[in-house]
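Summary of structural features
This is what each chain is made of:
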Amino acid sequence: MSLNLVMLGPPGAGKGTQGERIARERGIPRIATGDILREAVQEETELGRLAKAAMDAGALVDDDVMIGIVGDRLGAGDAEHGFVLDGFPRTVRQAQALDAMMEGRGPLVVIKMSVPHEVLVQRLAGRLTCVRCGTIFSTATIGDRRECERCGGRLVQRSDDDEAVVRHRLEVYLRETKPLVQYYERRATYFRLDGHQPPDQVAADLRKLVDLVPSSRPRPSGVTS
Ligand code: AMP
């Protein structure tokens, strides 16, 4: 039994928050390609150098680079019983490559989260991330506080969460990623999820959808596959 989950949806839809939550519940890794790239940029690796210009402009990083990163990551031991992918695939080529990686791994569950456009702009422009532990906060709930309540780290705005870049990222999302929905939507394991609800409700809906796919249900405790 494993859960191979892809979270689709525009930036700010809550893929990170919800993906993290279900990954923790199921004991599988959440693999966020944006996080992997930001780390590479910070560490000034070859990948970081390659990705930085595209990321700063809110554009997409090269397909082959992304497919290589995800292929390597899914091969790691902790992803043996599944994964939650956030930020990948973003193009049909990436989706085709992911299907090829899924051979022998069970079905891919694809969840498309949707949130109204203007709500996304507001959410992203008010989004703060802890530099130490990566937890995401919203200025709508924490006001002027700039210290992480989990670890005390400093809270900063991502450079690409600036409003003008946010609007551009949403346009890129619509243009490049809509074909992905067409690619997946006729599958029995493709579901839509309303992301414009309280986070606990979104989490409950997500669990229900994932459990509609028999092989993705959690194993009863004490039973091993
Ligand atoms: P995210 O954190 O998912 O919003 O990603 C931040 C940025 O990283 C994006 O705006 C892209 O520049 C880049 N990126 C992340 N994932 C991908 C991907 N699968 N394909 C291409 N570019 C990506």
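It should be emphasised that the depicted structure is a prediction, and the values quoted were computed from it without experimental measurement.

1. A few points about the sheet that holds strand β6 (residues 136-138)
Where strands meet in a sheet, backbone hydrogen bonds hold them as pairs that are either parallel or antiparallel. Read from one edge to the other, the open sheet built from three strands follows the order β6-β5-β7, with strand pairing classed as antiparallel. In this open sheet, the two strands that pair with only one neighbour each are β6 and β7 (155-156).

2. Topic: the site of the ligand
In the vicinity of the ligand there are 16 residues, among which Thr33, Ala59, Val61, Gly87 and Arg90 approach most closely. Residue Gln94 places a side-chain N or O atom 3.0 Å away from a nitrogen atom belonging to the ligand. The fraction of the free accessible surface of the ligand (480 Å²) that becomes covered by protein chains is 95%. In terms of residues, the shell around the ligand owes the most to one element, helix α2 (residues 33-42), which gives four residues.

3. Section: the environment of Asp78
Mapped onto the secondary structure, Asp78 falls in the loop between α4 (63-74) and β3 (82-86). Along the chain, Asp78 and Pro29 lie 49 residues apart, while their C-alpha atoms are 6.7 Å from each other. Setting aside anything within four residues of it in sequence, one finds Asp78 in contact with Pro29 and Arg73. In this structure the side chain of Asp78 is engaged in a polar contact, spanning 2.8 Å, whose partner is the side chain of Arg73.

4. A few points about the side chain of Thr135
With respect to the helices and strands, the residue Thr135 is situated in the loop between β5 (127-130) and β6. Among the residues examined, Thr135 registers a relative accessible area of 14% and is labelled buried. Non-local contacts of Thr135, meaning those with residues more than four positions away in its chain, are made with Leu128, Thr129, Cys130 and Arg150.

5. Structural notes on the pattern of salt bridges
Evaluated as defined, the whole model comprises 16 salt bridges. Between Arg30 and Asp35 there is a salt bridge whose closest N-O contact spans 3.6 Å. In this structure Arg30 comes out as partly exposed when scored by relative accessible area, which is 23%. With relative accessibility at 36%, the residue Asp35 sits in the partly exposed group. In this structure, the salt-bridge partner of Arg187 is Asp99, at a minimum N-O distance of 2.6 Å. With Arg187 in the loop between α8 (163-184) and β8 (190-194) and Asp99 in helix α5 (residues 92-101), this residue pair connects regions lying 88 residues apart in the sequence. For Arg187, a relative accessible area of 28% corresponds to the partly exposed category. When salt bridges that share partners are traced, they join Glu20, Arg30, Asp35, Arg38 and Asp86 into one network.

6. What about the packing of α2 against α4?
It is at 11 Å that the axes of α2 and α4 come closest, and there the two elements cross at 100°. In terms of their interaxial angle, α2 and α4 are classed as roughly perpendicular. Between α2, through Thr33, Ile36 and Leu37, and α4, the contact on the second element is made entirely by Met66, Ile69 and Val70.

7. Side note on the packing of aromatic side chains
Per the stated rule, a full pass over the model turns up one aromatic pair. Ring geometry for Tyr183 and Tyr184: centres 5.1 Å apart, planes at 80°, overall edge-to-face. With relative accessibility at 25%, the residue Tyr183 sits in the partly exposed group. Above the ring of Phe137, the side-chain terminus of Arg145 is found at 5.9 Å from the ring centroid.

Calculation rules
- The numbers attached to residues start from 1 for each chain and follow its sequence in the written order.
- It should be noted that, the model being predicted, local features are given only for residues of pLDDT at least 70 and side-chain atom pairs only at 80 or more, the latter also being counted only at that level, while totals for whole chains, interfaces and linings use all residues.
- In computing side-chain properties, one takes all heavy atoms of the structure into account and sets aside hydrogens as well as water.
- Here the rule is simple: two strands pair whenever DSSP picks up at least two bridges between them.
- Only DSSP runs of H or I covering at least 4 residues are called helices, and only runs of E covering at least 2 are called strands; the numbering of each starts at the N terminus.
- When we say a residue is near a molecule or strand, we mean one of its heavy atoms is within 4 Å of it.
- Counting of polar contacts relies on pairs of N or O atoms within 3.5 Å, with two restrictions inside protein: one atom must be capable of donating a hydrogen and the other of accepting it, and residues adjacent in sequence are counted only when both atoms are side-chain atoms.
- All accessible-area figures derive from a Shrake-Rupley calculation using a 1.4 Å probe, and residue coverage is judged against the displayed protein chains alone.
- Whether two residues are in contact is decided by their heavy atoms: any pair within 4.5 Å suffices.
- Relative accessibility thresholds used throughout: buried, under 20% of the residue-type maximum; exposed, over 50%; partly exposed, between the two (1.4 Å probe, protein chains only).
- For this analysis, a salt bridge means a side-chain nitrogen from Lys or Arg found within 4 Å of a carboxyl oxygen belonging to Asp or Glu.
- Here an angle of 0 to 180 degrees is reported between the N-to-C directions of two axes, which are lines fitted to C-alpha atoms, with helices fitted over the stretch in contact.
- Throughout this description, any angle smaller than 35 degrees is read as roughly parallel, any larger than 145 degrees as roughly antiparallel, any in the 65 to 115 degree range as roughly perpendicular, and the remainder as oblique.
- Stacked, edge-to-face and tilted are the three classes for Phe, Tyr and Trp ring pairs, Trp counted by its six-membered ring, which pair at centre distances within 6.5 Å; planes under 30 degrees apart are stacked, over 60 edge-to-face, the rest tilted.
- A ring is scored as having a charge over it whenever the NZ atom of a lysine or the CZ atom of an arginine sits within 6 Å of its centre and within 35 degrees of its normal.

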